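Chain by chain, the residues run as shown.
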Amino acid sequence: MKEYGSSVQKLVDYIMTIDDEEKRTKYAFLMVELMKQIHPNMKDSTQDYSKKLWDDLFIMSNFKLDVQGPFPPPSPESLGKAPRKVSYNQHNLKFKHYGRNVELLILRAIAEEKLDDKKILVAYIARLMKGFYVTWNKDSVDDSVIWQNIKDMSENLLGTIVDELSQEGLGHARVANNARNAYNAPEYPNSNNNNRNNNSSNYRKNNFRSNNNNNRNNNFRKK
């Protein structure tokens, strides 16, 4: 095997010439430790890595090495055998850019019995789908496309709720609050109260700055 070099191959050939089984087994264990040192970046104490080293040792001996190792020697038929192909489950996705998890969320929304919770889930799914759509498409997407996709993916079982929510854009405060409630996030504050709070905060900051400036000017004049 090229990764170990010709010197290791010569040592393996020498171990095969030893008649004493106990001595031959001892040298085989030492050989495996040497193989570990040849690739220090691949050192691992797991059982799979140790088995790989012993398999490599038997392969270099052309499966003729007779020692009492910790693992049974591999069969010659397994050498070069292609691994079993793992099939990729497509789940027959209608819209692949949304993924399987979005379909599962829609099924969860269909199964929800409480109307308010169902609306919250649909609002959250719609905003999530819009984010996925923009990720995989350079152009912006109209909200009507997202709502129609939800109808198609739910086979129109969520059509009534979609028609109600689609009257307001996905960026509307009500729809946004419903989406935030889906994972127990706080609702958006009232815009009027928020403006009042911002104005009062700015007023206090301006007063503080003006007072500081007046104090500095008075101190300068006294000096």
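Residues numbered from 1 in each chain as written. Predicted model: local features only at pLDDT ≥ 70, side-chain atom pairs only at ≥ 80, totals over all residues. Heavy atoms only, no water.

J.: I keep staring at the packing of helix H1 (residues 6-16) against helix H2 (residues 21-38) and nothing clicks. Help me out?
T.: Relative orientation and spacing of two packed helices are given, respectively, by the angle between their axes and the distance between those axes. Their axes nearest at 10 Å, the elements H1 and H2 cross at an angle of 170°. It follows that H1 is roughly antiparallel to H2 by the angle criterion. Counting all contacts with H1, which are made through Val 8, Leu 11, Val 12, Tyr 14 and Ile 15, the residues of H2 involved are Arg 24, Tyr 27, Ala 28, Met 31, Leu 34, Met 35 and Ile 38. The residue inventory of the contact of H1 with H2, partitioned by class, reads eleven nonpolar, no polar and one charged. (Axes fitted to C-alpha atoms, helices over the stretch in contact; angles between N-to-C directions. Helix = DSSP H or I, 4+ residues; strand = E, 2+ residues; numbered from the N terminus. Parallel < 35°, antiparallel > 145°, perpendicular 65-115°, else oblique. Contact = heavy atoms within 4.5 Å. Nonpolar A, V, L, I, M, F, W, Y, C, P; charged D, E, K, R; others polar.)

J.: Sorry, what's going on with the layout of surface pockets here?
T.: Summary: where empty space remains is shown by rolling a probe the size of a single water molecule over the atoms. Of the voids in this model, the largest pocket is the one considered here, and its volume is about 170 Å³. Contributing to the lining of the largest pocket are Lys 94, Arg 100, Glu 103, Ile 106, Leu 107, Ile 110, Met 153, Ser 154, Glu 155 and Leu 157. Ranked by residues supplied to the lining of the largest pocket, first place goes to helix H4 (residues 100-111) with five residues. The residue inventory of the lining of the largest pocket, partitioned by class, reads five nonpolar, one polar and four charged. (1 Å grid on protein atoms, 1.4 Å probe; cavity = no way out; pocket = protein on both sides within 12 Å on 5 of 7 lines; lining within 4 Å. Points joined across faces, edges and corners; volume = space filled by probe spheres on them.)

J.: Any chance you could explain unusual backbone geometry here in plain terms?
T.: Backbone geometry follows two general trends: most residues other than glycine have a negative phi, and most peptide bonds adopt the trans configuration. Of note, the phi angle at Phe 63 is positive, near 65°, even though the residue is not glycine. For Phe 63, the position within the fold is in the loop between helix H3 (47-60) and H4. Under the relative-accessibility criterion, Phe 63 is labelled partly exposed at 25%. Notably, Asn 156 is not glycine yet its phi reads approximately 65°, a positive angle. Its place among the elements puts Asn 156 in the loop between helix H6 (143-153) and helix H7 (159-165). (Buried < 20%, exposed > 50% of the residue type's maximum accessible area, 1.4 Å probe, protein only.)

J.: Looking at this structure, how should I read the environment of Ile 38?
T.: Along the chain, Ile 38 turns up in helix H2. Along the sequence, Ile 38 and Tyr 4 sit 34 residues apart, while their C-alpha atoms lie 7.1 Å from each other. If we skip the residues at most four places from it in the chain, Ile 38 touches Glu 3, Tyr 4 and Val 8.

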